[in-house]
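Examination of the molecular architecture
Single-letter residue listing:
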Amino acid sequence: MDCLFCKIAGGEIPSEIVYEDEWIIGFKDISPVAPNHILFITKAHYANINELSENPKDLTALFEAIRKYTLQEGLSEDGFRIVSNLGVRAQQSVPHVHVHVIGGRDLQWPPG
């Protein structure tokens, strides 16, 4: 499979990893929009959040990883945003489920 995020999860492509456990990897976005902009991905390949939702264990692991990271970094105190794009019209550029965790500054609304 020629999936960018599978290659990152497999260690084939280097990234600045800030979180890792048995199921999930969190790494710094290469084009950050805030001081804290981390992508959380599943190590197993799921094309999008809908596919991931069919596996409650990995879905829970993803959000547990985000919880652990944001508490550790103090983002829970100041607030943060989580974003998961699904499909071309929503700007999903990599067909592997990923969640953007964005924080460390005041965020605007609406986002898009």
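Before any of the text, the structure's been laid out above.
Because the structure is a prediction, the values reported are computed rather than measured.

Section: the packing of aromatic side chains
Tallied over the full model, the rule gives three aromatic pairs. Arranged with centres 5.7 Å apart and planes meeting at 70°, the rings of Phe5 and Phe27 form a pair that is edge-to-face. Of this pair, Phe5 sits in helix α1 (residues 4–9) while Phe27 sits in strand β2 (residues 24–28), placing them 22 residues apart in sequence. With respect to class, Phe5 is no different from Phe27; both count as buried. Taken together, a centroid distance of 5.6 Å and an interplanar angle of 65° make the contact between Phe40 and Tyr69 edge-to-face. Here Phe40 is found in strand β3 (residues 36–42), whereas its partner Tyr69 is found in helix α3 (residues 56–72), with 29 residues between them in sequence. As far as the burial class goes, Phe40 and Tyr69 line up, both buried. Counting every residue linked through ring pairs, the aromatic cluster contains Tyr19, Phe40 and Tyr69.

Focus on the nonpolar core
If you look at the biggest cluster of nonpolar residues, it comprises 15 residues, and the most contacted ones within it are Tyr19, Ile24, Phe40, Leu62, Ile66 and Tyr69. The leading source of residues in this core is α3, at five residues. Sequence-distant contacts of Phe40, that is, excluding residues within four places in its chain, are made with Tyr19, Ile24, Ile25, Gly26, Leu62, Ala65, Ile66, Tyr69, Val97, His98, Val99 and Val101. Cys3, Phe5, Ile41 and Val94 belong to the second-largest nonpolar core, a separate cluster that totals eight residues.

Rules and cut-offs
- Sequence order as written defines residue numbering, which begins from 1 separately in each chain.
- For a predicted model such as this one, the threshold for reporting local features is a pLDDT of at least 70, and the threshold for listing and counting side-chain atom pairs is 80 or more; totals across whole chains, interfaces and linings nevertheless cover every residue.
- Note that water and hydrogens are dropped before the side-chain values are worked out from all heavy atoms of the structure.
- Note on aromatic contacts: the rings of Phe and Tyr and the six-membered ring of Trp form a pair at centre separations within 6.5 Å, being stacked when their planes are under 30 degrees apart, edge-to-face when over 60 apart, and tilted otherwise.
- Numbering of helices and strands runs from the N terminus, with a helix taken as a DSSP run of H or I at least four residues long and a strand as a DSSP run of E at least two residues long.
- Accessibility here uses a 1.4 Å probe with only protein chains present; expressed as a share of the type maximum, an area under 20% marks a residue as buried, one over 50% as exposed, and anything in between as partly exposed.
- Note on terminology: a nonpolar core comprises buried Ala, Val, Leu, Ile, Met, Phe, Trp, Tyr and Cys residues joined through side-chain atoms within 4.5 Å.
- It only takes one pair of heavy atoms within 4.5 Å for two residues to be counted as in contact.

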